[in-house]
Amino acid sequence: MENRSNERRRFRVLLTMAQYLADTFKAAGWAESDIHVLPHQGGPGDQTASLIVRWPAAGKAPKKPILLLAHMDVVEAKAEDWSTDPFKFLEKDGYFYGRGTSDDKQGVTAVTAALLKLRASGFKPKRDLVVLFTGDEETEGRGAQLGATEWRKWTDAEFALNADAGGGSFDRQGRALGFGLQTAEKQYVSFHFSVRNPGGHSSRPRPDNAIYQLADALKRLEAHRFTPVLNETTRAYFTARAKMEAGALGQAMRRWVADPADGAAADAIEASELEVGMTRTRCVATRLEGGHADNALPQLARATVNCRMMPGSDPKALEAELKQVAGPHVAVTVSDPPNPAPASPLRADVVKAYTDSVHKRFPGAPIVPSMSTGATDGLFFRAAGIPVYGVEGSWGISPDDERAHGKDERLPVKALYDNVDHWHDMIRALAGK
Ligand SMILES: [Zn+2]
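Just so you know, these numbers come straight off a predicted model, no measurement behind them.

Engineer: What's the story with the overall build of the protein in this structure? I'm lost.
Structural biologist: Counting secondary structure elements, the protein contains twelve helices and 17 strands. Over its C-alpha trace the protein gives a radius of gyration of 24 Å, about what one expects of a compact globule, namely 22 Å for 433 residues. Across its three principal axes, the protein shows a C-alpha extent of roughly 80 × 55 × 45 Å. Taking all 433 residues of the protein together, 52% fall into the buried category. Summarising the internal contacts of the protein: among those between residues at least 6 apart in sequence, 78% fall at separations of at least 24. Looking at the protein as shown, the accessible area adds up to about 20200 Å², and 53% of this sits on carbon and sulfur atoms. Between the centroid of the 55 positive side chains of the protein and the centroid of its 55 negative side chains there is a distance of 3 Å.

As structure tokens, then:
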């Protein structure tokens, strides 16, 4: 019951937010026919609404539209875990506090404010701009799925700019550590490792036992390392990172970029807490079930193994490798299939617009192409053939402000206003000529 009322509350909140933004665009001069509030209620986790807003080009557009992505929903937060009420917006000591201040209400706010500012200043886009704000990025991702398929008549674009990835970080001394330009995301896929056995009375153990066989397979998986892979994005990432890292880690990065066959260098990078998952596909056991009675030999033991594949890699090859690792007694089956999405090519125009905008506010800050080890809405568009660039312009202090999904999430006040200017400048650069 509580779940169902949570779902209803969530639906009301997201629909209200989508409607509020729709009204804001309308009041600023957008035509009603260019604004679509789209409730969708597919199932649990998908009781929400998305918003699509089009800003048509002035005259005939020589280029396809640009899609602007952000998400309106947030991860859950419990008031008792926080120092302040997570759902009460608070400005204190130069920060905005509250769930979603960094992920990703700031993205929604900055893109919206930048578009309103551009319109008010008389800017006329030379190509269509299409906004898609989803309402379930943190759960089902249904808004992005629909956005990349059924709603394609509105959302079709040459490429997308995502306000839910990218952004900068500074150390406590104010030194710029770098601004990420996200061009790739690892792909989510889950498998079941299952062992079946005739079982029997636990007073008479058999030589084979489903739980022991599964445990052996999982220990082999723990020790297993997939072959390291460098792609265009991670090569650029490690080239930039190598310049910032002194010591053994920086050396390993330099060695690996110089020689992608140097597996030992890749292993040393992967072992660093900062770089977990950046050099290869990773798989890890996440759930376990088995047996049916305290006094019976198990007839079934099963684990869920969640994998994050390198973009563009072949899920069939991964499955075959897992079968080899698991051994002959363990059945390996896909439980949650992947949505294969290639890395997006580093487009010169996007890289330049992002770099220029960041450097206007932070001259000389390193620009670091990046691959997310998790996934965002961008994945569905990459899978559908629309390249996506995570080009958020906000920033925080590392590690103090890295609180997305965590306790006392916050955003420097200045970062929000910088981000509005950033989106203003980027959109002008990419849609103004
Ligand atoms: Zn997010």
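Engineer: For this particular structure, what's the right way to read the coordination of the zinc ion?
Structural biologist: Geometry reference: four tetrahedral donors at a metal, ideal angle 109.5 degrees. Six octahedral donors, ideal angles 90 or 180 degrees. At the metal site, the zinc ion is ligated by His71 (NE2), Asp103 (OD), Asp164 (OD) and Asp164 (OD), and these contacts range over 1.9 to 2.7 Å. Coordination at the zinc ion is irregular: its four donor atoms span angles of 52 to 148° at the metal. Given a relative accessible area of 13%, Asp103 falls into the buried group.

Engineer: Please clarify how the packing of aromatic side chains should be interpreted in this entry.
Structural biologist: Where two aromatic rings form a pair, the distance of their centres and the angle of their planes describe that pair. Taken as a whole, this structure holds 13 aromatic pairs when the rule is applied. An angle of 65° between the planes, with centres 5.1 Å apart, marks the rings of Trp30 and Trp55 as edge-to-face. With Trp30 in the loop between helix H1 (2-27) and strand S1 (35-41) and Trp55 in strand S2 (residues 47-55), this pair connects stretches of sequence that are 25 residues apart. With respect to class, Trp30 is no different from Trp55; both count as buried. Each member of the aromatic cluster is reached from another via a ring pair, and the members are Phe25, Trp30, Trp55 and Phe123. A cation over a ring is seen here: Lys92 above Tyr97, with NZ or CZ 5.7 Å from the ring centre. Just above the ring of Trp30 sits the side chain of Arg119; from NZ or CZ to the centre is 4.5 Å.

Engineer: In this structure, what is going on with the sheet that holds strand S13 (residues 300-309)? I would like to understand it.
Structural biologist: Whenever strands of a sheet pair, they do so through backbone hydrogen bonds, lying parallel or antiparallel. Read from one edge to the other, the open sheet built from four strands follows the order S11-S13-S9-S14, with strand pairing classed as antiparallel. Each edge of the open sheet carries a strand with a single partner, namely strand S11 (282-290) and strand S14 (331-336). Adjacent strand axes in the sheet meet at a mean angle of 25° when their direction is disregarded. Both strand S9 (residues 187-196) and S14 contribute to a ladder of five bridges, which runs antiparallel. Residue pairing across strands places Ser190 opposite Asp336, the latter belonging to S14. Packed on one face of the sheet, helix H5 (residues 210-223) meets S9, S11 and S13 and runs near 15° to S13.

Engineer: Even after reading the chapter, I still don't get the packing of H5 against helix H9 (residues 315-326), so can you show me in this structure?
Structural biologist: Packed helices, taken two at a time, are described by the angle their axes make and the gap between the axes. Running from amino to carboxyl end, H5 crosses H9 at an angle of 120°, the nearest separation of the two axes being 8 Å. Classified by the interaxial angle, the pair formed by H5 and H9 is oblique. Where H5 approaches H9, its residues Ala217, Arg220 and Leu221 are matched on the opposing element by Leu322, Val325 and Ala326. Residues of the contact of H5 with H9, tallied by class, amount to five nonpolar, no polar and one charged.

Engineer: Quick question: what am I supposed to make of the pattern of salt bridges here?
Structural biologist: Where charged atoms of side chains with opposite charge meet at close range, the side chains can pair. Summed over all chains, the structure comprises 28 salt bridges. Asp156 serves as the salt-bridge partner of Arg152, at 2.8 Å between the closest nitrogen and oxygen. For Arg152, a relative accessible area of 25% corresponds to the partly exposed category. Owing to a relative accessible area of 26%, Asp156 belongs among the partly exposed residues under this scheme.

Engineer: Would you mind showing me how to read the domain arrangement of the protein here?
Structural biologist: It is common to give the size of an interface as the accessible area lost on bringing the parts into contact. Here the protein is described as being made up of domain 1 (2-186 + 342-431) and domain 2 (187-336). If you average the C-alpha positions of domain 1 and of domain 2, the two centres end up 32 Å apart. In total, about 1400 Å² of surface goes out of reach between domain 1 and domain 2, with carbon and sulfur atoms giving 67% of it. Here domain 1 is connected to domain 2 by zero salt bridges.

Engineer: Quick question: what am I supposed to make of the packing of helix H7 (residues 247-258) against helix H8 (residues 263-270) here?
Structural biologist: Two elements in contact, H7 and H8, have axes whose closest approach is 8 Å; the angle formed by their N-to-C orientations is 140°. The angle between the axes of H7 and H8 places the two elements in the oblique class. Between H7 and H8 the crossing geometry is left-handed. Counting all contacts with H7, which are made through Leu249, Ala252, Met253, Arg255 and Trp256, the residues of H8 involved are Ala264, Ala265, Ala266, Ala268 and Ile269. Classifying every residue of the contact of H7 with H8 by side-chain character gives nine nonpolar, no polar and one charged.

Engineer: Honestly, the sheet that holds strand S17 (residues 410-412) in this entry has me stumped. Any pointers?
Structural biologist: If you walk across this open sheet you meet the three strands as S4-S5-S17, and the pairing is antiparallel. Where the open sheet ends on each side, the last strands, each with one partner, are strand S4 (90-92) and S17. Averaged over all pairs of adjacent strands, the angle between their axes in this sheet comes to 25°, without regard to strand direction. In this structure, strand S5 (residues 95-97) lies alongside S17, joined through three bridges in antiparallel fashion. Paired with Phe96 across the bridge in S17 is Leu411. In this fold helix H12 (residues 413-431) packs onto S4, S5 and S17, with an angle of close to 70° to the strand it touches most, S17.

Conventions we followed
- Residues numbered from 1 in each chain as written.
- Predicted model: local features only at pLDDT ≥ 70, side-chain atom pairs only at ≥ 80, totals over all residues.
- Heavy atoms only, no water.
- Helix = DSSP H or I, 4+ residues; strand = E, 2+ residues; numbered from the N terminus.
- Rg over C-alpha atoms; globule rule 2.2 N^0.38 Å.
- Buried < 20%, exposed > 50% of the residue type's maximum accessible area, 1.4 Å probe, protein only.
- Contact = heavy atoms within 4.5 Å.
- Areas by Shrake-Rupley, 256 points an atom, 1.4 Å probe, with all protein chains shown as cover.
- Lys, Arg positive; Asp, Glu negative; His and termini not counted.
- Charge placed at Lys NZ, Arg CZ, Asp CG, Glu CD.
- Donors = N, O, S within 2.8 Å, 3.2 Å for Na, K, Ca; no water.
- Tetrahedral: all angles 85-135°; square planar, octahedral: opposite > 155°, others 65-115°.
- Phe/Tyr/Trp six-rings, centres within 6.5 Å; stacked < 30°, edge-to-face > 60°.
- Lys NZ or Arg CZ within 6 Å of the ring centre and 35° of its normal.
- Pairing = 2+ DSSP bridges.
- Axes fitted to C-alpha atoms, helices over the stretch in contact; angles between N-to-C directions.
- Parallel < 35°, antiparallel > 145°, perpendicular 65-115°, else oblique.
- Nonpolar A, V, L, I, M, F, W, Y, C, P; charged D, E, K, R; others polar.
- Salt bridge = Lys/Arg side-chain N within 4 Å of Asp/Glu carboxyl O.
- Domains from an automatic or database assignment.
- Buried area = accessible area lost by both parts, 1.4 Å probe.
- Left-handed = near helix turned anticlockwise from the far one by under 90°.

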